[in-house]
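# Architecture at a glance
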Amino acid sequence: MSAPPAPQGQSAPPGPEGQGPGPGPPALRQTLFSPGYVRLLLVSVVLGVPIALACFYFVSLQHELQHWVWQSLPEAAGYDRAPWWWPLPALLLAGLLLAPVVTRAPGQGGHVPVHGLGGPPLGPKELPGVLFAALATLPLGVVLGPEAPLMAVGSGLALLILRAVQRDADPKTVLVLGTAGSTTAISTILGGPLVAAVMMVEAAGLAGSQLVLLLLPCLLASGVGALVFTGFGQWTGLSTGALTLPEVPPDASPDAGDFLWGIPLAVLIAAILTAGHRLGHLTAAWTRRRTAVRTIACAAAVGVFISAYALVTGRSPEEAALSGQATLGTLAAHPHAWSIGALAALVLFKGLAWGLCLGSLRGGPIFPSVLLGAAIGIACSGLPGLGTAPGLALGMATATSVVTRLPVTSAVLSFLLLGTDAAHQMPLVIVCSVLGFVVSQLLEGERK
């Protein structure tokens, strides 16, 4: 990205590789209406359709496999729900399936989750390993989300189509279309193109006119992709398990009590999530040697933590396993059906399992963190003057900000999840998103 335009009266800073001044507004208009960039926008629209279809069937298949492992199979074995010991063989199998992928497959099955969703777009060569790692392990109870594999699918397909059409594509075009493919994929699971566009703006930073040139293809591709994704869901009737809250607690206007309790609660959530993230870094460092054996050991330990949750609470182990979309929806719709002890056990055991998964397995880091933040917020919602709706809102926003380090994106995602009925919580959500970001920076420091 180029530097911002120089102040008036000064020469503009040189562009990349000594190619002259960075693009100001005239250069932006010239590039925006050039034939090459118009073709790039058209290609982005076209790419949105096949990428959205691939993502739709990917998440639908993952959801069906998850339902089979945690509901159909236990019922076929004579249980009304998965027994407490169910995660032990399931997670051990996940480790056994993943170990050869992370040691031998191109791309090692995708990025290590503790390093976030960043990194260069994965190409077609790495795509089979990513798909296998996600579909073979996430349904078995790995405490990670589908967002990182989806982004890899989006970028891999975009680059595959580009190489089929144009073998000697410009490196900048490859980067833009790979990013557009990733943005299309993430928009299908995080509530639509708005969240994806805000995430792109915030992650890229203040990059002047070049950010506009990168954002437009991403926004077009994700908008078309979201339309196709939604339409196929209605047409086929398949469930995708996207991050949604079908029912939320009734809204209430924020008052002094919400901020009085919300600010220290946001600090607490940031501290807990940062501790889980540090566990992920320690696990990632530990698995660098004897990777296959230690990957299996971490997966087995995740199964132990999930089973311990079921034993301690007497509830289904499925609540502590998986990415947490279903449990988050249930928790938001029926928050008073959970005791404080059950919520504390969920945060403890799922948090430990999440930390291990961050450093050893494959998937996305965001979805489980949203559930952990929501559980902490609701557990503390009985404090005098706080309430369920503010606790849920600030919990989700703070946790997402801690994990993504994108406070604006976290606030927008929380608003879309809560819906317009919870619009009164936005001041609290924004404050806690920023506070979570600052506290996580202080506690963890700059990520390596």
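Cut-off values and rules
Residues numbered from 1 in each chain as written. Predicted model: local features only at pLDDT ≥ 70, side-chain atom pairs only at ≥ 80, totals over all residues. Heavy atoms only, no water. Helix = DSSP H or I, 4+ residues; strand = E, 2+ residues; numbered from the N terminus. Buried < 20%, exposed > 50% of the residue type's maximum accessible area, 1.4 Å probe, protein only. Contact = heavy atoms within 4.5 Å. Areas by Shrake-Rupley, 256 points an atom, 1.4 Å probe, with all protein chains shown as cover. Phe/Tyr/Trp six-rings, centres within 6.5 Å; stacked < 30°, edge-to-face > 60°. Lys NZ or Arg CZ within 6 Å of the ring centre and 35° of its normal. Salt bridge = Lys/Arg side-chain N within 4 Å of Asp/Glu carboxyl O. pLDDT = per-residue confidence, 0-100. Axes fitted to C-alpha atoms, helices over the stretch in contact; angles between N-to-C directions. Parallel < 35°, antiparallel > 145°, perpendicular 65-115°, else oblique. Left-handed = near helix turned anticlockwise from the far one by under 90°. Nonpolar A, V, L, I, M, F, W, Y, C, P; charged D, E, K, R; others polar. Patch = residues over 30% accessible without salt bridge, like charges linked within 9 Å, V, L, I, M, F, W, Y side chains within 5 Å. Expected span 1.5 Å × (residues − 1). Arc of directions from axis to C-beta.

Looking only at helices and strands, the chain has 16 helices and zero strands in total. Buried positions account for 52% of the 448 residues belonging to the chain. Considering only contacts within the chain whose residues lie at least 6 apart along the sequence, 79% involve residues at least 24 apart. Taken as a whole, the chain presents about 19000 Å² of accessible surface, with 67% of it coming from carbon and sulfur.

Turning next to unusual backbone geometry. In this structure, R290 is a non-glycine residue whose phi angle is positive, near 50°. Looking at where R290 falls in the secondary structure, it is placed in the loop between α9 (256-286) and α10 (291-313). Here the phi dihedral of L322 falls at roughly 65°; this positive angle occurs in a residue that is not glycine. The buried category is assigned to L322, whose relative accessible area is 4%.

Below, the discussion takes up the environment of P89. Locating P89 in the fold gives a position in helix α3 (residues 87-104). Residues P89 and V304, spaced 215 residues apart in sequence, show a C-alpha to C-alpha distance of 9.8 Å.

Enumeration according to the criterion identifies three aromatic pairs in this entry. A ring pair is formed by F56 and Y57, whose centres lie 5.2 Å apart and whose planes are at 80°; its orientation type is edge-to-face. Look at F56 and you get buried, because its relative accessible area is 0%. The class for Y57 is partly exposed, based on a relative accessible area of 42%. One aromatic cluster is present, formed by Y79, W85 and W86 through successive ring pairs. A cation over an aromatic ring shows up here: R315 above the ring of W338, its NZ or CZ 4.0 Å from the ring centre.

What follows deals with the environment of G262. The topology assignment puts G262 in helix α9. For G262, a relative accessible area of 0% gives the class buried. Considering only alpha carbons, one finds G262 and G395, 133 residues apart in sequence, at a separation of 9.0 Å. Excluding residues that lie within four positions of it along the chain, G262 makes contacts with G257, L394, L428 and C432.

We now examine the pattern of salt bridges. For the structure on display, the rule yields two salt bridges. As a salt-bridge pair, R315 and E319 come within 2.9 Å of each other at their nearest N and O atoms.

This part covers the confidence of the model for the chain. When pLDDT is averaged along the chain, the result is 81; 77% of the residues meet or exceed 70. Here residues 1-23 is a poorly scored stretch, pLDDT under 50, and it has 26 contacts once near neighbours within four places are set aside; other chains count.

Let's shift gears to the packing of α9 against helix α16 (residues 426-444). Between α9 and α16, whose axes approach to 8 Å, the crossing angle comes to 40°. Classified by the interaxial angle, the pair formed by α9 and α16 is oblique. Handedness of the α9/α16 crossing: right-handed. Residues D258, F259, G262, I263, A266, V267, A270, A271, T274, H277, R278 and H281 of α9 touch α16, and the partners they reach there are P427, L428, V431, C432, L435, G436, V439, S440, L443 and E444. Looking at the contact of α9 with α16, its residues break down into 13 nonpolar, six polar and three charged.

Here the focus is a nonpolar patch on the surface. Where nonpolar side chains cluster on the molecular surface, the patch consists of Y79, W84, W85, L88, V304 and L311 and spans about 550 Å² of accessible area. Relative accessible area serves as the criterion here: at 47%, V304 is assigned to the partly exposed category.

Let us now look at the environment of L418. Mapped onto the fold, L418 is located in helix α15 (residues 407-418). Each C-alpha atom of the pair L418 and M396 lies 9.8 Å from the other, and the pair is 22 residues apart in sequence.

Our next topic: α16. For α16, spanning 19 residues, the distance from its first C-alpha to its last is 26 Å, which sits close to the expected 27 Å at 1.5 Å a residue. Listed as buried for α16 are M426, L428, V429, C432, S433, G436, V439, S440 and E444. Buried residues of α16 fall within an arc of 155° about the axis and therefore sit on the same side. Where α16 is buried, its residues contact α9, α14 (388-404) and α15.

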